Each structure stands twice: as C-alpha cells, then as structure tokens.
Amino acid sequence: MKKIKILALLAVLVFIVQDLSDMTRGFSDGWREAKDSTEFFSRNHFSVRVRPMATLVPDTMINNARKERVGDEGKVAFWADAIGADTSMPVDGSLKVVMFLYIPFGLFVFYGIYCLIRLIISVMRGRVFTRVNVRRMRAFVYSVILGMIVHELWGYLVYLQAAECFVIPDYEVIYRGLRNTWLPYLLLALFTEIFAVGVKIKEEQDLTI
C-alpha cells in the first residue's frame, strides 16, 4: 500500500507539470482562435506544413562546414517543409461547430481532472479497489480522450480550409498529422478497464467469502 501511495503522489506531480499544462495550452489555443468566429481567425500569424512540388526550383544556402572541408563555395539546395505568414483565413461552418464544441468538451475535461484528484485522494487514504474509483478513472481517461478527438478534428478541418484558401507557388499544403500523443492515454484506458475487471472480481470474492 505504501508503494501505491508513493506512485499516486508521483502521478499527481507528473500530471500537474506535464499533462495539465499541455491540455491547458491546447484548449487556450483553440479558445483564442475561436474568439472571432464570424469571419476570420483571431490570430494574424498563420503557419502550415507544405511539400515541394516537382516544379520547385530549390534555392541555395551556404554551408560553412562544407566550404571549409571541401573548399568549394559551400552552396547547398534547400526547400521548406513549413511556411508561416502574417495573414488570416475565413472560417467555414464546420470549423465554427468545432469551435463551440471546445466549451462543453473543455468542461468535461475539467470534470475528469476533478475526478482524478478525488481518485488520488482516495488512494492516499487507502481506499483503492472500489467502484467509485473505477468511475473516477473512466471519467478522467475518456474525458481527456474525447477532448483530444475534438482537438484532432479541429486540426484536420484547419488543414482542409488552409489547403483550399492558400496558394503557395511550387508548394502544396499538407496535413500536419496527429497533434496529440495518443499511446499513453490509450494504454491508460486499457489499464482502467483491467482495473475495473479486478474490482469486479474482488467484489465477487468478497461475496463468496
């Protein structure tokens, strides 16, 4: 039991330092982008991932290390994989819907964080294998996963809108890929369901005794 309490305390520290700050930053970014939802994104600086087309003529830069080692001019070709610009982008209907989804799902995530805190307090007091703790774990894990799904949907819709809106000579706008690290939370969901099965087995054994 002492080891479980120590792990619970470490979980609190890691969550506060890493996960909570990441989620807060992600939702604050979405909220900031959603402030002016009538026509344009609120931020002026916009960045997109890009891929060079076959028509691109690469520019050159100077590689001082090559210049000293080989003795030539040190010129090497380069191209961009991301481009930023001080501009704005129209917001279509699907983006507006996802913007407003940030509010209820954000509240659900904060409820999940509350459940996590209650869960850790319960574990610290020695109450571990209970149905209440199972519900708390599920509330936290699945609220975060649903919040991440909304965040991923937002990123994909932004990509679709940017690909339609921006014309960059000799480049095409591409999807940035997943914004979140999914594996830890999927594993946590798996362990939560394993924990739920363990609690059920314990209750059946207690009834048998």
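Residues numbered from 1 in each chain as written. Predicted model: local features only at pLDDT ≥ 70, side-chain atom pairs only at ≥ 80, totals over all residues. Heavy atoms only, no water.

Peer 1: With reference to specific residues and values, describe the packing of aromatic side chains.
Peer 2: As enumerated under the stated definition, the model contains six aromatic pairs in all. Ring centres 6.4 Å apart and planes at 35° place the aromatic pair tyrosine 111 and tyrosine 114 in the tilted group. On the criterion of helical spacing, the pair formed by tyrosine 111 and tyrosine 114 is a turn pair, its members being three residues apart in helix H3 (residues 93-124). A relative accessible area of 45% means that tyrosine 111 is categorised as partly exposed. With relative accessibility at 44%, the residue tyrosine 114 sits in the partly exposed group. Ring centres of tyrosine 156 and tyrosine 175 lie 5.2 Å apart, and the angle between their planes is 90°; this geometry places the pair in the edge-to-face category. (Phe/Tyr/Trp six-rings, centres within 6.5 Å; stacked < 30°, edge-to-face > 60°. Helix = DSSP H or I, 4+ residues; strand = E, 2+ residues; numbered from the N terminus. Buried < 20%, exposed > 50% of the residue type's maximum accessible area, 1.4 Å probe, protein only.)

Peer 1: Talk me through the packing of helix H4 (residues 131-165) against helix H5 (residues 183-208); I want residue IDs and the actual numbers.
Peer 2: Put simply, H4 and H5 touch, their axes get as near as 10 Å, and they point 160° apart. Considering their axes alone, H4 and H5 lie roughly antiparallel with respect to each other. Judged by the twist between their axes, the crossing of H4 over H5 is left-handed. Together, Arg131, Asn133, Val134, Met137, Arg138, Phe140, Val141, Tyr142, Val144, Ile145 and Met148 of H4 and Tyr185, Leu188, Ala189, Thr192, Glu193, Phe195, Ala196, Val199 and Glu203 of H5 make up the contact between the two elements. Of the residues belonging to the contact of H4 with H5, the class tally is 14 nonpolar, two polar and four charged. (Axes fitted to C-alpha atoms, helices over the stretch in contact; angles between N-to-C directions. Parallel < 35°, antiparallel > 145°, perpendicular 65-115°, else oblique. Left-handed = near helix turned anticlockwise from the far one by under 90°. Contact = heavy atoms within 4.5 Å. Nonpolar A, V, L, I, M, F, W, Y, C, P; charged D, E, K, R; others polar.)

Peer 1: Can you tell me about the environment of methionine 99, naming the residues and giving the values?
Peer 2: Here methionine 99 lies in helix H3. Take methionine 99: its relative accessible area is 4%, and that puts it in the buried class. Spatially, the C-alpha atoms of methionine 99 and valine 150 are 9.2 Å apart, while their sequence positions differ by 51 residues.

Peer 1: I'd love a proper account of a nonpolar patch on the surface, names of residues and values included.
Peer 2: Together, Phe108, Tyr111, Tyr114, Leu146 and Ile149 line one region of the surface with nonpolar side chains, adding up to about 450 Å² of accessible area. Elements supplying a minimum of two residues to the nonpolar patch: H3 and H4. A per-element tally of the nonpolar patch places H3 first, with three residues. One can find phenylalanine 108 in helix H3. Its relative accessible area of 30% is what places phenylalanine 108 among the partly exposed residues. (Patch = residues over 30% accessible without salt bridge, like charges linked within 9 Å, V, L, I, M, F, W, Y side chains within 5 Å. Areas by Shrake-Rupley, 256 points an atom, 1.4 Å probe, with all protein chains shown as cover. Salt bridge = Lys/Arg side-chain N within 4 Å of Asp/Glu carboxyl O.)

Peer 1: Could you give an account of the pattern of salt bridges, naming the residues involved and the relevant values?
Peer 2: Counted according to the given criterion, the structure contains three salt bridges. Note that glutamate 172 and arginine 51 form a salt bridge whose closest N and O atoms lie 3.0 Å from each other. Taken together, the residues span a long stretch of sequence, with glutamate 172 in strand S5 (residues 171-174) and arginine 51 in strand S1 (residues 45-52) at a distance of 121 residues. By relative accessible area, glutamate 172 is classed as partly exposed at 32%. Of the residues examined, arginine 51 reaches a relative accessible area of 42% and is grouped as partly exposed. As a salt-bridge pair, arginine 131 and glutamate 203 come within 2.9 Å of each other at their nearest N and O atoms.

Peer 1: Provide a residue-level description of the confidence of the model for the protein, including the pertinent values.
Peer 2: Averaged over every residue, the pLDDT of the protein is 80; the share at 70 or more is 77%. Summarising per-element confidence for the protein, the mean pLDDT is lowest in helix H1 (residues 2-34) (61) and highest in S5 (93). Every residue in residues 36-40 is under pLDDT 50, and counting partners more than four places away or in other chains gives 12 contacts. (pLDDT = per-residue confidence, 0-100.)

Peer 1: An account of the environment of methionine 89 is needed here, citing residue identities and associated values.
Peer 2: For methionine 89, the location among the structural elements is in the loop between strand S4 (82-86) and H3. By relative accessible area, which is 0% here, methionine 89 ends up buried. Sequence separation between methionine 89 and cysteine 165 is 76 residues; the distance between their C-alpha atoms is 7.1 Å.

Peer 1: Describe the side chain of histidine 151, naming the residues involved and giving the relevant values.
Peer 2: Looking at where histidine 151 falls in the secondary structure, it is placed in helix H4. For histidine 151, a relative accessible area of 14% translates into the label buried. A polar contact is formed between the side chain of histidine 151 and the side chain of tyrosine 102, at a distance of 2.9 Å. (Polar contact = N/O pair within 3.5 Å; in protein donor to acceptor, adjacent residues only side chain to side chain.)

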